[in-house]
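A structural walkthrough
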Amino acid sequence: MSDKTTTRGRPRSFDRSAALEAAMRVFWQKGFTAASMNDLCAAMEIGSPSLYAAFGSKEQLYAEAIRHYGAMGIPKLSHALESAPTAKLGIEAFLRLSARSLSCPEHPLGCMVVLSAVPSEGIASLADQVLEARQGSLQLLEARLQRGIREGELPKTTKVKALARFFVTVQQGMSIQARDGASAKELDAVASAAMRAWPAD
């Protein structure tokens, strides 16, 4: 039997990782609701049967795209925070890295998670996943501030939750500004201004 006969009728193969990356960018740019199946299939260069076979549904594809996005960005932000010698320098590095990455023209502007809007009706699990992803940055900042207290950099009376929420609010605002066209230089200036709110020694 020839190779042509044995391969007849098989679905066109595709690179699943590349397809997921393409889908992530569509969701990142358009959001869950506005991203149509036609948009996704065109970007992924596959038909809808292959999409459903590989990912299950639009909802499952989005959930995987959110996880993929987090796996790309969280380690870099975590390293910026943890590798700095002090909590202050770590959070400054976190904000400056965010300024560069949020405005990078090589991918959709802003943060996919911050800009994400998932209707909770019928797909509450997706809304919960987005909320959990947003809280990830807050937890990273709280942990770094707690470490700063343990190492004597910050007083034990430091209001860790409020301070962490302030800086994550700045970062999330930077995401919206980036989507609206703010440059890396402009966002870096925001980071500089935010650091002036650091508790006095």
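All of these numbers come straight from a predicted model, not from anything done at the bench.

Topic: the overall build of the protein chain
Along the protein chain, the regular secondary structure elements total ten helices and zero strands. Listing each helix as α and each strand as β along the protein chain from the N terminus yields α-α-α-α-α-α-α-α-α-α. Taken along its principal axes, the extent of the C-alpha atoms in the protein chain is 80 × 35 × 35 Å. In the protein chain, once contacts between residues fewer than 6 apart in sequence are set aside, the share between residues at least 24 apart is 68%.

Side note on the pattern of salt bridges
Taken as a whole, this structure holds eight salt bridges when the rule is applied. Residue Arg147 is joined to Glu82 by a salt bridge in which the shortest nitrogen-to-oxygen separation is 2.8 Å. Of this pair, Arg147 sits in helix α8 (residues 124–150) while Glu82 sits in helix α5 (residues 58–83); the two residues are 65 residues apart in sequence, bridging distant segments of the chain. The closest approach of N and O atoms between Asp188 and Arg96, which form a salt bridge, is 2.8 Å. Linking Asp188 in helix α10 (residues 184–195) with Arg96 in helix α6 (residues 87–102), this pair joins segments that are 92 residues apart in sequence.

Quick look at the confidence of the model for the protein chain
The share of residues in the protein chain with pLDDT of 70 or more is 91%, and the mean pLDDT across the chain is 90. The weakest mean pLDDT in the protein chain belongs to helix α1 (residues 3–7) at 40; the strongest belongs to α10 at 98. This model gives residues 1–11 a pLDDT under 50, and the stretch forms one contact once residues within four places in sequence are excluded.

Structural notes on the packing of aromatic side chains
Per the counting criterion, the structure on display carries six aromatic pairs. The interplanar angle of 20° and the centroid separation of 6.3 Å between the aromatic rings of Phe27 and Phe32 together place this pair among those described as stacked. An identical accessibility class is assigned to Phe27 and Phe32; each is buried. When the centroid spacing of 6.0 Å and the interplanar angle of 40° are considered together, the rings of Phe167 and Trp198 count as tilted. Of this pair, Phe167 sits in helix α9 (residues 160–179) while Trp198 sits in the segment after α10, and the two are 31 residues apart along the sequence. Assigned by exposure class, Phe167 and Trp198 land together as buried. Note that Lys58 overlies the ring of Phe32, its terminal NZ or CZ placed 4.6 Å from the centroid.

About the cut-offs
Residues numbered from 1 in each chain as written. Predicted model: local features only at pLDDT ≥ 70, side-chain atom pairs only at ≥ 80, totals over all residues. Heavy atoms only, no water. Helix = DSSP H or I, 4+ residues; strand = E, 2+ residues; numbered from the N terminus. Contact = heavy atoms within 4.5 Å. Salt bridge = Lys/Arg side-chain N within 4 Å of Asp/Glu carboxyl O. pLDDT = per-residue confidence, 0-100. Phe/Tyr/Trp six-rings, centres within 6.5 Å; stacked < 30°, edge-to-face > 60°. Buried < 20%, exposed > 50% of the residue type's maximum accessible area, 1.4 Å probe, protein only. Lys NZ or Arg CZ within 6 Å of the ring centre and 35° of its normal.

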